[in-house]
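Each chain, written out:
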Amino acid sequence: MAFEGLADRLQSTIKKITGKGKVSEQDVKEMTREVRLALLEADVNYKVVKDLIKRIKERAVGQEVMESLTPGQQVIKVVKEELTALMGGEQSKIAVADKAPTVIMMTGLQGAGKTTTTGKLANLLRKKHNRSPLLVACDIYRPAAIQQLETLGKQLDLPVFSMGTDANPVDIAQKAIEKAKEEHHDYVIIDTAGRLHVDSELMQELEEIKSVVKPDEIYLVVDSMTGQDAVNVAESFNEQLDITGVVLTKLDGDTRGGAALSIKAVTDKPIKFAGMGEKLDQLEAFHPDRMASRILGMGDVLSLIEKAQTNVDEKQAKELEEKMKNMSFTFDDFLEQMGQVKKMGPLDDLMSMIPGANKMKGLKNAQIDEKQISHVEAIIQSMTKNERQDPSLMNASRKKRIAKGSGTSVSQVNRLLKQFEEMKKMMKQMTNMQKGKKGKGMKFPFM
Amino acid sequence: MGFMDKWKMKFQKNEEETKEVSTKYKDGMKKTRQSFSGRINDLIARYRKVDEDFFEELEEVLITADVGVSTVMDLIDELKMEVKRQNIKDSKAVKDVISEKLVEIYYGEDDEQTEHLNLQEEQLSIILVVGVNGAGKTTSIGKLAYQLKQQGKKVVLAAGDTFRAGAIEQLDIWGERAGVDVIKQNEGSDPAAVIFDGIKSAKSRNADVLICDTAGRLQNKVNLMNELAKVKRVIEREVPGAPHEVLLVLDATTGQNALSQAKTFSEATDVSGIVLTKLDGTAKGGIVLAIRHELQLPVKYVGLGEKMEDLQEFDAHAFVYGLFADMLEED
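Since the structure is predicted, the reported quantities are computational estimates derived from the model, not experimental observations. (Residues numbered from 1 in each chain as written. Chains lettered and ligands numbered in written order. Predicted model: local features only at pLDDT ≥ 70, side-chain atom pairs only at ≥ 80, totals over all residues. Heavy atoms only, no water.)

(A) Expanded view of unusual backbone geometry. Residues Ala100(A) and Pro101(A) are joined by a peptide bond in cis, for which omega reads -5°. The phi dihedral of Asn130(A) is positive, around 60°, even though this residue is not glycine. Counting through the fold element by element, Asn130(A) comes out in the loop between α5 (114-129) and β2 (133-137). Owing to a relative accessible area of 68%, Asn130(A) belongs among the exposed residues under this scheme. Not every positive phi belongs to a glycine, and Gln296(B) is a case in point at roughly 60°. Among the secondary structure elements, Gln296(B) is positioned in the loop between α12 (287-295) and β7 (299-303). (Helix = DSSP H or I, 4+ residues; strand = E, 2+ residues; numbered from the N terminus. Buried < 20%, exposed > 50% of the residue type's maximum accessible area, 1.4 Å probe, protein only.)

(B) Broad picture of the domain arrangement of chain A. All names here are of chain A. According to the domain assignment, chain A contains domain 1 (6-87), domain 2 (102-292) and domain 3 (302-438). On the side of domain 2, 20 residues touch domain 1, which itself brings 13 residues to the contact. Note on domain 1 versus domain 2: buried area summed over both sides is about 1400 Å², and carbon and sulfur give 63% of it. The largest per-residue losses of area from domain 1 upon contact with domain 2 belong to Asp 43, Asn 45 and Met 87, which jointly make up 46% of the total buried on that side. (Domains from an automatic or database assignment. Contact = heavy atoms within 4.5 Å. Buried area = accessible area lost by both parts, 1.4 Å probe.)

(C) Structural detail: the side chain of Thr162(B). All names here are of chain B. Mapped onto the secondary structure, Thr 162 falls in the loop between β2 (155-160) and α8 (167-178). Judged by its relative accessible area of 6%, Thr 162 falls in the buried class. A polar atom in the side chain of Thr 162 sits 2.7 Å from the backbone oxygen of Ser 189. Ignoring any residue separated from it by four or fewer positions in sequence, one finds Thr 162 in contact with Ile 168, Asn 186, Glu 187, Gly 188, Ser 189, Pro 191 and Val 194. (Polar contact = N/O pair within 3.5 Å; in protein donor to acceptor, adjacent residues only side chain to side chain.)

(D) Just the interface of chain A and chain B, in detail. With 40 residues of chain A at the interface, the matching set in chain B holds 45 residues. When chain A packs against chain B, close to 3700 Å² is buried across both sides, 56% of that on carbon and sulfur atoms. Where chain A touches chain B, the interface holds four salt bridges. Taken together, the links from chain A to chain B amount to 15 residue pairs in polar contact (both at pLDDT 80 or more). (Salt bridge = Lys/Arg side-chain N within 4 Å of Asp/Glu carboxyl O.)

(E) Quick peek at the pairing of strand β1 (residues 125-131) of chain B. All names here are of chain B. Burial within β1 is extensive, with seven of its seven residues counted as buried. Of the two faces of β1, the one holding Ser 125, Ile 127, Val 129 and Gly 131 and the one holding Ile 126, Leu 128 and Val 130 are both buried throughout. In this sheet, strand β4 (residues 209-214) lies alongside β1 in parallel orientation, the contact comprising four bridges. Note on β4: the bridge partner recorded for Ile 127 is Ile 211. Where β1 lies against strand β5 (residues 245-251), five bridges are found, and the strand directions are parallel. (Pairing = 2+ DSSP bridges.)

(F) Representation of the pairing of β2(A) in the model. Residue and element names in this part refer to chain A. Of all five residues making up β2, five are buried, and the element is well covered by its neighbours. Burial along β2 is two-sided: the residues Pro 133, Leu 135 and Ala 137 and Leu 134 and Val 136 are all buried. Across five bridges, β2 lies against strand β4 (residues 187-191) in parallel orientation. In the sheet register, Pro 133 faces β4, and the bridge partner there is Tyr 187. Relative to strand β3 (residues 160-161), β2 runs parallel, the two being bridged by two bridges. Looking at the pairing, Val 136 lines up with Phe 161 of β3. Regarding topology, helix α6 (residues 145-156) serves as the crossover connection from β2 to the parallel β3, and that connection is right-handed. (Right-handed = clockwise from strand over helix to strand, strands pointing away.)

(G) Highlighting the UniProt feature "domain: SRP54-type proteins GTP-binding" (unreviewed entry) in chain A. When the UniProt feature table is mapped onto this chain numbering, "domain: SRP54-type proteins GTP-binding" (unreviewed entry) sits at residues 270-283 of chain A. In the segment residues 270-283 of chain A, helix accounts for 0% and strand for 43%; the C-alpha atoms at its two ends are 16 Å apart. (UniProt positions renumbered as here; feature names shortened; annotations may be inferred.)

(H) Focus on the packing of helix α9 (residues 230-241) of chain A against helix α10 (residues 259-267) of chain A. Residue and element names in this part refer to chain A. The N-to-C vectors of α9 and α10 enclose an angle of 40°; their axes lie 9 Å apart at closest approach. Handedness of the crossing formed by α9 with α10: right-handed. Contacts between α9 and α10 involve Ala 230, Val 231, Ala 234, Glu 235 and Asn 238 on the former and, on the latter, Ala 259, Ser 262, Ile 263, Val 266 and Thr 267. Its residues assigned to classes, the contact of α9 with α10 comprises six nonpolar, three polar and one charged. (Axes fitted to C-alpha atoms, helices over the stretch in contact; angles between N-to-C directions. Left-handed = near helix turned anticlockwise from the far one by under 90°. Nonpolar A, V, L, I, M, F, W, Y, C, P; charged D, E, K, R; others polar.)

(I) The arrangement of the packing of helix α7 (residues 169-182) of chain A against helix α8 (residues 200-213) of chain A in detail. Residues and elements named next belong to chain A. Two elements in contact, α7 and α8, have axes separated by 9 Å at closest approach and are oriented at 20°. Considered as vectors, α7 and α8 are oriented roughly parallel to each other. Along this stretch, α7 crosses α8, giving a crossing that reads as right-handed. Across the interface between the two elements, Pro 169, Val 170, Ala 173, Gln 174 and Ile 177 from α7 touch Glu 205, Glu 208, Ile 209, Val 212 and Val 213 from α8. Of the residues in the contact of α7 with α8, the class split is seven nonpolar, one polar and two charged. (Parallel < 35°, antiparallel > 145°, perpendicular 65-115°, else oblique.)

(J) Expanded view of the sheet that holds strand β6 (residues 245-249) of chain A. Residues and elements named next belong to chain A. Pairing in this open sheet of eight strands is mixed, and the strands run β3-β2-β4-β1-β5-β6-β7-β8 from one edge to the other. Each of the sheet's edge strands pairs with one partner strand only, and the pair in question is β3 and β8 (283-285). As paired elements, strand β7 (residues 271-275) and β8 share three bridges and run antiparallel to each other. Along β8, the bridge assignment pairs Gly 275 with Leu 283. Contacting β2, β3 and β4, α6 crosses the sheet at an angle of about 160° to β2.

(K) Region of interest: the pattern of salt bridges. The tally for this structure, following the rule as stated, stands at 29 salt bridges over all chains. Of the charged contacts, one joins Arg55(A) and Glu82(A) as a salt bridge, the two residues approaching to 3.0 Å between their closest N and O atoms. Taken together, the positions of Arg55(A) in helix α3 (residues 46-60) and Glu82(A) in helix α4 (residues 71-87) put the pair 27 residues apart, joining distant regions of the chain. With relative accessibility at 34%, the residue Arg55(A) sits in the partly exposed group. Taking the relative accessible area as the measure of exposure, Glu82(A) reaches 10% and is therefore buried. Residues Glu52(B) and Lys80(B) are paired through a salt bridge, measuring 3.4 Å at the closest nitrogen-oxygen approach. With a gap of 28 residues between them, Glu52(B) in helix α4 (residues 52-63) and Lys80(B) in helix α5 (residues 69-86) connect regions that are remote in the sequence. Within this structure, Arg55(A), Arg59(A), Glu81(A) and Glu82(A) form a network of salt bridges that share partners.

Here is the structure:
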C-alpha cells in the first residue's frame, strides 16, 4: 500500500465521481480522504495535513470544472496548487556578508548528513560562485568526524581548520574566523556535531557558537526520510537558533519526503538545497514544485496531462500517426519525437507519472539513463539526410563514420538500427490494433 | 496485565544489572513515553464516550508516532469491532483494549524468543550490518562489539565501509574503545575483499564473533544493493551457515520509508533483525510496529544514547511497558 501512488488510488475514486459542471461537496469529501491518506503516507505531519485539507475543501467545493478535466482531476489541481503555495518559491541564494568572511553554520541531528553537505556546499561555492571557502571541523564528539571533513577537504583541495578533539567547539569556531580573515577566505562553513534537539547542553553549545561567530546563514540539515518527528526537530532548532534555511538530504532515495512540507509549515524558512547523491557535486537547488508532485505520489496523472497538452503539438502528433500507419517513420521523426518527450521533463519523472509504471516489473528498477538518450541523439545527428530517411543505405563504412561522428561505437550504432527496426514493427502492430477500435488516434506514440 | 508481570519477573532475575537496564530504558524512552502515553491519557480524559471523534483522535496519536497509516487503519478497525463486540461505551475501558491490541500487533503469532542474537557456540559467528546512510551502523557496531566483549567473547570488526570519508577511522576508534581488533584496507577498496580478509583473520585469531560494517546506501540504488548481496555471498561461501545475523540499522526518526528500507534490504540480504537507533530523542519509534506487522522482522537492539553502554538488547515487554508506563501505573 505504501508504494502505490496517489493516482492509482485516486483513479477508482475519480471513476466513481460522475461530475457535471461543478465540484460537489461529496466529490471533495471522497477525494480529500484519499489525498489525506497519501499525504500521511508521505510522512507529512498530521497537523499540517489537517490544516491543508481544510483549506482544500474550502477552495474546491463549488469550483467550476475545467473543460478538459473531471471533477476529480479538478480537486487534484487545487491540491497541487495549495501544496506548491505552501512549499514556497525557489530560494537557493546564499547570503553574502557585507564584510568577508560570510559565515555559514551547519546544524542538525546525528546522521542527517551535515559533514557531507558541508563538503558539497564548499564545492558549490567554489565552482559556481568562485569563492574560497574555509571548512571548520567543530564536531569533536563523533569518532573520526574531523578526519571525515579533512578527507573531504583533501578531495576538494580545500583547506580544513581543526584543533583536534580536545578543543572547545566555540573556541574552534572563533579561531577559524580569525584564520579566515588572515588568509582572506570569503566564506567559512562550520560543521557542527549532530545533536538531539532535546539535548539542552549541546543546544546551548550551538547558541554559544552562534553568538561568537555571528553567522550569516544557519542551515538545518534534515534527512528527507524523517517521519512525523520532523516538526519537533525543526521547531526546536528554529526556536533556539533562528535558522535561515534548510538543506534536505538523501533526496535521491525513494522517500516521498513529506518532511519537507512539515518543516516549511512549522518554520516558514526556505528549503534551499537538496542532497541528490553521494558525490560532492550532487547538491542541487531545491525545487518546491517538483517536491509537491513527489509528495502527492508517484502517479501524478494531472501533471502528465498538463505537460502533454502543453508540449505535444496536436498537429505534429497527427502527422506522426499518419507516418506510423504508412510505415514511413524515419530517423528524423524519431529525433523529433524524442525531443518532444524530453521537453516534458526528466525521463525518470515522466515514468513515475505514468500510473502503474512503478508496479511494472521491468520498469520498477529501470534507471533511465538520460545519457543514453543523448547518445542516440548524437548517432542520429551524425547521419546524413539520406541515411535518416532510408536506414537500408547503411553499410560498414557509413556506420564507422557515424560512430566516429557521434563519439560512440559501431556496436552502439548497430544496436540503435536494430531497435529502430523493431520499433517500426511494433508501431505497425499497434496501429493495426487501433484500427479495430474507434479509430481514435494515439496520443502518446512513445508510450 | 499479563505482560507486565512477565516483565517484572524478568527483572527480578538479576536485580543489580537489570535495575540499571530498566532505568536506562525508562530514561531513554522518557520523552517517547511522555508524549505517547501522555497523549493517550489526554485523549481518554477528554472523551467520555467512545465515538467517531474518539477514534479519529486515537488515529492521530498513532499516526504521529509514525506507526504508519495502514497499520493504524487496521488497528482502528479491529478496535471498533472489539468495542462493538464487548459493548464498551466508556473510554476508560477501551484503554486496556488499546494496549492489548498494540502488544498483539507487535508479537503477532510469534514467540518472543526472536530478540536474542543467534550466536554459535564454539565456532565463528558472523554478523553483517546494513542500512541507509547516517542510520548509525558504525556506532551501533562499536557499542555491540563492546557489549559482546564484556560477555567474554573475542570480537573482530571488518571495516567494510570503504566508501565514506572517515568511515574506516571511525570504526577504528570504536575498535580501540571496545578493545577489539579491526580488519581494514584502504578507502576505495572492494568491500567484499575487506570482508573476505575479515573472515580469514577472524578464523586465524579464533574469534567468536566477526561484525562486518558496510557503507550506508539508499535502498533504491540497484548497483549498491547488488554490491551488498555480493558481500553476503562471500560470507556464505566462506563460512557455511553464515551470516548468522543480518542486522538492519534503522533511525527511529525515519518515517514510512523505513518499511521500504526493511523490504528492500531484506530482498538483498535476508535481514534477520533490526537495530533501532536514536530512540533517545522525541521520535516515537512507532515504525517498529508497522515493520513487525507487515514484515515480521523483530527488533533486536535499541540505541538509547551516545555512550558505549547505550545499546540495549531489545526487550519488547520493556519497550511496550515504556510506551505505556504512565497509563499502567495509574491503575
